[in-house]
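Geometric and topological summary
Here is what each chain is made of, one letter per residue.
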Amino acid sequence: MPAMLATVIASDMVNLMLPSIGAEFGASEAELAWVVTGFLLMFSVGIPFYGRISDRVSLRRLFCFALLTYAAGSLICALAPDLLVLVLGRIVMGVGAAAIPVLSIIAITRLMPVDKRGMGIGVVSAASGIGTAAGPAVGGGIGQFLGWPALFWLMLLVALVLLPAALRVLPGEPPAGAGRFDLFGGILLGLGAGLVLFGITQAQVAGLAAPSSWVSLVVAVVAIALFGWRTVRVAQPFVPPALFTNRVYRAAVVVAFLAMIVNLGGLVFVPLLVVDVNGLGPGAGALVMIPAGVAVAVVSPLIGRLADRIGTRPLVLTGLAAIGLFALFLSTFAGGTSVIPAGVGILGLSVGFIFVMTPLISAAASALPADQVGGGLGILQGAQFLGAGTGPALVGVLVAARQQSGSGAINPLYPGHEGAAFSDAFLTMAAVVVLALIVAFRMRPAAAPAATPSRDADNVH
């Protein structure tokens, strides 16, 4: 739990301190974007690798490697004399942090009884939810009063404290029956995912017409096409095709990606809204996120227990409906004279997201054979955090374009003109939720589960 909390906080704790970092190093907005992008690139690319490697290497070795790498990256960032070294440190941090979410879930699926698995995932999801909501608060508060290097000294301390605990409690035996996997295929997948994220981020800061943007996206398409071609031709591919013949798993991957786009879009742009439109400072603006983090911490274990009792599909559909409604709420009411609607909106959106992800991960783990759980959960969480990277970048492109146009909000219920770009962004997030709902409706239970125990749909109640 504390490892998950620290790594998720690290993903966006520097967002509100980027202006201060830029002023200190004399960096442009495009250069500063790498402080966030470098971490997220390694994070989204590394997760599938750790998931796949966990089928061959012990959890203890992988977890300790991740914590040491994370600590090394934090130290580099804390001592960084210029922006280049800071970005390098963030990349190293991302390499270590990528292991924590997927290994935490894999540990639960291997070490806890099936009837307790949902609760366990809910408890870890509580840490993830708190970290996601608290990241801006930690970054804005500590960074404003102690300076941005203090953030990385804190992360270094956390990693070093957790290392002996990981050595003590995690199993050191490698999984039984581990086989080979296609490393080159994994490189193609990582290259494709990383270039998609990089291309979208470059479109945000330099425009889609910039060579760094469109060339990256073209090469990403080629890499992903080659990955697909290789997957069906090698004996032991990096991603077994059988994973995507599983209806529950296939839907879970798509829903996780779309839901994370909306969740991270909200968690990044609600603090920016209250800073830009309501005129709050970074520390005060981050306080808007604290109720969401508290609510997620309280609700996540309860949702895990519900998932063990009533199944996945009802909770996922309820959560998506809540995310969509609160995205519409933000589009309509946030950005006025009061910051309360922004706080209420992000609270509802964050709780709705936990309703989606906790049962979704549990269902995906239950739907997969034991020898595919590591790789399957790695792909699922890779899709989730790829959504975390692409969501804010895509929303940022939209907000920038709408701010330049100077036109009013598309939402006819939005009362003012200032903040109209943010209203349009939240309205777009609601539209993304509609797509996720369409996919989630396909996670239907089987008509007669007892008669057809091998069908993947039987794993969702």
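A brief look at the structure comes next. What you are looking at is a predicted structure, and each value in this text was computed from that prediction instead of being measured. Within each chain, residues carry numbers counting from 1 in the order of the written sequence. Predicted model: local features are reported for residues with pLDDT of at least 70 only, side-chain atom pairs are reported and counted for 80 or more only, and whole-chain, interface and lining totals are derived from all residues. Remark: hydrogens and water are excluded; side-chain values derive from all non-hydrogen atoms of the structure.

**As for the overall build of the protein**
What counts here: Helix numbering and strand numbering both begin at the N terminus, where a helix is a DSSP run of H or I of at least 4 residues and a strand a DSSP run of E of at least 2. Think of it in three bands: residues with accessible area under 20% of the maximum for their type are buried, residues over 50% are exposed, and the middle band is partly exposed, with areas taken using a 1.4 Å probe on protein chains only. We call two residues contacting when some pair of their heavy atoms lies within 4.5 Å. Surface exposure here means Shrake-Rupley accessible area, sampled with a 1.4 Å probe, where a residue is shielded only by the protein chains that are shown.
The helix and strand tally for the protein stands at 17 helices and 0 strands. The buried share among the 461 residues of the protein stands at 57%. Pairs at least 24 apart in sequence give 80% of the contacts found in the protein among residues at least 6 apart. Carbon and sulfur atoms form 71% of the exposed surface of the protein, whose accessible area is close to 18,100 Å².

**Some remarks on the packing of aromatic side chains**
Test applied: Between 30 and 60 degrees the pair is tilted, below 30 it is stacked and above 60 it is edge-to-face, where a pair is any two Phe, Tyr or Trp rings, Trp via its six-membered ring, whose centres lie within 6.5 Å.
One pass over the full model with this rule turns up 5 aromatic pairs. Pairing Phe-25 with Trp-148 gives two aromatic rings, centres 5.8 Å apart and planes at 65°, and the pair type is edge-to-face. Of this pair, Phe-25 sits in helix α2 (residues 18–25) while Trp-148 sits in the loop between α7 (117–146) and α8 (149–169), and the two are 123 residues apart along the sequence. Relative accessible area serves as the criterion here: at 4%, Trp-148 is assigned to the buried category. The structure contains a cluster of three or more aromatic residues connected by ring pairs, namely Phe-25, Trp-148 and Phe-152.

**Considerations on the packing of helix α16 (residues 373–405) against helix α17 (residues 420–440)**
The condition is simple: Interaxial angle, 0 to 180 degrees, is taken between N-to-C directions of lines fitted to C-alpha atoms, where a helix line uses only the stretch in contact. Helix crossings fall into two classes, left-handed where the near helix is turned counterclockwise from the far one by less than a right angle and right-handed where it is turned clockwise. Only Asp, Glu, Lys and Arg are considered charged in this grouping, and only Ala, Val, Leu, Ile, Met, Phe, Trp, Tyr, Cys and Pro are considered nonpolar; every other residue, Gly among them, is considered polar.
Contact geometry of α16 with α17 gives a least axis separation of 8 Å together with a crossing angle of 145°. The chirality of how α16 crosses α17 is right-handed. Each of Val-395, Leu-398, Val-399, Arg-402 and Gln-403 in α16 lies in contact with α17, whose residues at this interface are Ala-421, Phe-422, Asp-424, Ala-425, Thr-428 and Met-429. Split by residue class, the contact of α16 with α17 holds 7 nonpolar, 2 polar and 2 charged.

**What about the environment of Val-36?**
Counting through the fold element by element, Val-36 comes out in helix α3 (residues 29–53). Among residues more than four places away in sequence, those in contact with Val-36 are Val-14, Asn-15, Leu-18 and Arg-90.

**Some words on α2**
Note the following rule: Throughout, the arc means the angular range of directions from the helix axis out to the C-beta atoms.
Taken together, the buried positions of α2 are Leu-18, Ile-21, Gly-22 and Phe-25. For α2, the arc enclosing every buried residue in end-on projection is 100°, short of the 170-degree limit, so these residues lie on one face. Opposite its buried face, α2 presents the exposed residues Pro-19, Ala-23 and Glu-24, each directed more than 90 degrees away. Following α2 by one or two positions, Gly-26 adopts a phi angle in the positive range, close to 65°.

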